[in-house]
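These are the residues of each chain, in order.
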2 protein chains.
Amino acid sequence: MTRKENRISEKTIERLSVYRRYLKDLNKKGKDRVYSHELSQIVSGTAAQVRRDLMEVGCNGCSSKGYEISLLIKEISKVLDCSKKENIALIGVGNLGRALLGYFSGARDNYDIVAAFDNDPAKYNRIICGRRCYSMEQLPNMIDELKISTAILAVPAESAEKEAQNLIDKGIKAILNFAPRHITTGSGVFIETLDMTSALEKAIYFSRKNT
Amino acid sequence: MTRKENRISEKTIERLSVYRRYLKDLNKKGKDRVYSHELSQIVSGTAAQVRRDLMEVGCNGCSSKGYEISLLIKEISKVLDCSKKENIALIGVGNLGRALLGYFSGARDNYDIVAAFDNDPAKYNRIICGRRCYSMEQLPNMIDELKISTAILAVPAESAEKEAQNLIDKGIKAILNFAPRHITTGSGVFIETLDMTSALEKAIYFSRKNT
DNA sequence: ATCACGCTGTGCAATATTTCACAACTCAAG
DNA sequence: CTTGAGTTGTGAAATATTGCACAGCGTGAT
């Protein structure tokens, strides 16, 4: 009964994603092994922290030779990725939404924004960065059809809560929210808010405080 | 000697920014007092945490009537804002850079993106969302002239480190980095990376794990 | 005036996260 | 084979962050 009640922390998940991206780079450059202290630099952490993170995915380092990169990528992916490619929906095709379509256009192995949605009829059926824009009414159908469980929310602050609630009602399980409004939900839906405004204000604050 | 060695934590600073934005909204709606438990909802925290945060800015609540909104805004601003308007530089005028110019275009009281920079000569002197785009060579001059100490970095991953180092060399004190690469620096420069890729991968992960 | 209610301020406990530090291991060289 | 340098895995300490719980206070009702 080795029930893995190994709830990996949010911070660790974030770092795993960062490690993997870096490991893929290293792989391309022909490197095949890596030490924990090398990885620690790219997340501004300690080597011990990296080793701890990597233990969560199955602890496959080797003393004195470090970690095998391709194996690490495989193990991290086993944790982060679904077995099949994940379909993502983008809600809100304004400036930011379009930029996000471009940003996430690269060759992603295990997820892809497959459809965009907006309230503006002028945008319906337009194709932006290779993805078609649909009306919000079509959202439920598309969710079912494409088995979408994750959405990116890039709508104005005023409509963020409403749209988020709509997504939740339609069965979305996680939301990456770019609207400057923190979404509250009672349900078990995971909501990550990337608050660019507070991030910038924080940077401004520390630009004065640091040294 | 009441030296305020009161280093406010990063998390608290972020929340203060969120509180303030919400308080300004409330103010516009004509509300003039607020309770800690109301504020706690917008950051998914507890009322106690809010009160603690507010204590950091000068503890001006009042039993049973809550906090006076306009006073709170003033006190939070005293902490977050510089005395004069902060000038921000945007580095990288691609899709994302342009979207950010739009995003930060609203009426911001205490900071503003005043100039954009790019390596692409086709963009020089073009005006985007009201800001002129300059060549990277002009960066040092503009930093001096406009007293810029904070920059937003929206360049491709490949050039992120190089440009970041350039910014640091030129005297920038804080960087809000959107490139999917964690910037390491020995200096006291504050770097906040908004890693949209790892945020999305985290969301995808928890879309499967939650409930 | 008195009382009950609801909120703030905060010591303290609980939790989460990071770092330290060291035994165990691998490899290469002598 | 033995030694030494360098790395991993991890218990335990250290630190950071959050939540609990309650004393104290202002307010409005009686």
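See above for the structure.
Please read these numbers as outputs of a predicted model, since none were measured by experiment.

(A) Region of interest: the layout of surface pockets. Reported here for the largest pocket is a volume of approximately 1700 Å³. What lines the largest pocket is a set of 48 residues, among which K11(A), E14(A), E192(A), K11(B) and E14(B) lie closest to the centre. Elements with a minimum of two residues in the lining of the largest pocket: α1 (10-28), β9 (190-193) and α8 (196-209) of chain A together with α1 (10-28), β9 (190-193) and α8 (196-209) of chain B. Partitioning the lining of the largest pocket into residue classes produces 16 nonpolar, 18 polar and 14 charged.

(B) Geometry of helix α3 (residues 47-56) of chain A. All names here are of chain A. All buried positions along α3 are accounted for by A47, V50, D53 and L54. End-on, the buried residues of α3 take up no more than an arc of 120°, which puts them together on one face. The exposed set on the far side of α3, more than 90 degrees from its buried face, consists of R52 and M55. Tucked into the core, α3 has its buried residues touching α1, α2 (36-42), β2 (67-68) and α4 (69-80). Phi turns positive, to about 125°, at G58, one or two residues after α3.

(C) Fine view of the sheet that holds strand β8 (residues 174-177) of chain A. Residues and elements named next belong to chain A. Strand order in this open sheet of 7 strands is β5-β6-β4-β3-β7-β8-β9, and the pairing throughout is mixed. The strands lining the two open edges of the sheet, one partner per strand, are β5 (127-128) and β9. For strand β3 (residues 86-91) and strand β4 (residues 111-118), the ladder comprises 6 bridges, and the chain directions are parallel. Note on β4: the bridge partner recorded for A89 is A115. Against the sheet, helix α7 (residues 157-169) contacts β3, β7 (150-153), β8 and β9, and its axis sits at roughly 170° relative to β7.

Rules used in this analysis
- Residues numbered from 1 in each chain as written.
- Chains lettered and ligands numbered in written order.
- Predicted model: local features only at pLDDT ≥ 70, side-chain atom pairs only at ≥ 80, totals over all residues.
- Heavy atoms only, no water.
- 1 Å grid on protein atoms, 1.4 Å probe; cavity = no way out; pocket = protein on both sides within 12 Å on 5 of 7 lines; lining within 4 Å.
- Points joined across faces, edges and corners; volume = space filled by probe spheres on them.
- Helix = DSSP H or I, 4+ residues; strand = E, 2+ residues; numbered from the N terminus.
- Nonpolar A, V, L, I, M, F, W, Y, C, P; charged D, E, K, R; others polar.
- Buried < 20%, exposed > 50% of the residue type's maximum accessible area, 1.4 Å probe, protein only.
- Arc of directions from axis to C-beta.
- Contact = heavy atoms within 4.5 Å.
- Pairing = 2+ DSSP bridges.
- Axes fitted to C-alpha atoms, helices over the stretch in contact; angles between N-to-C directions.

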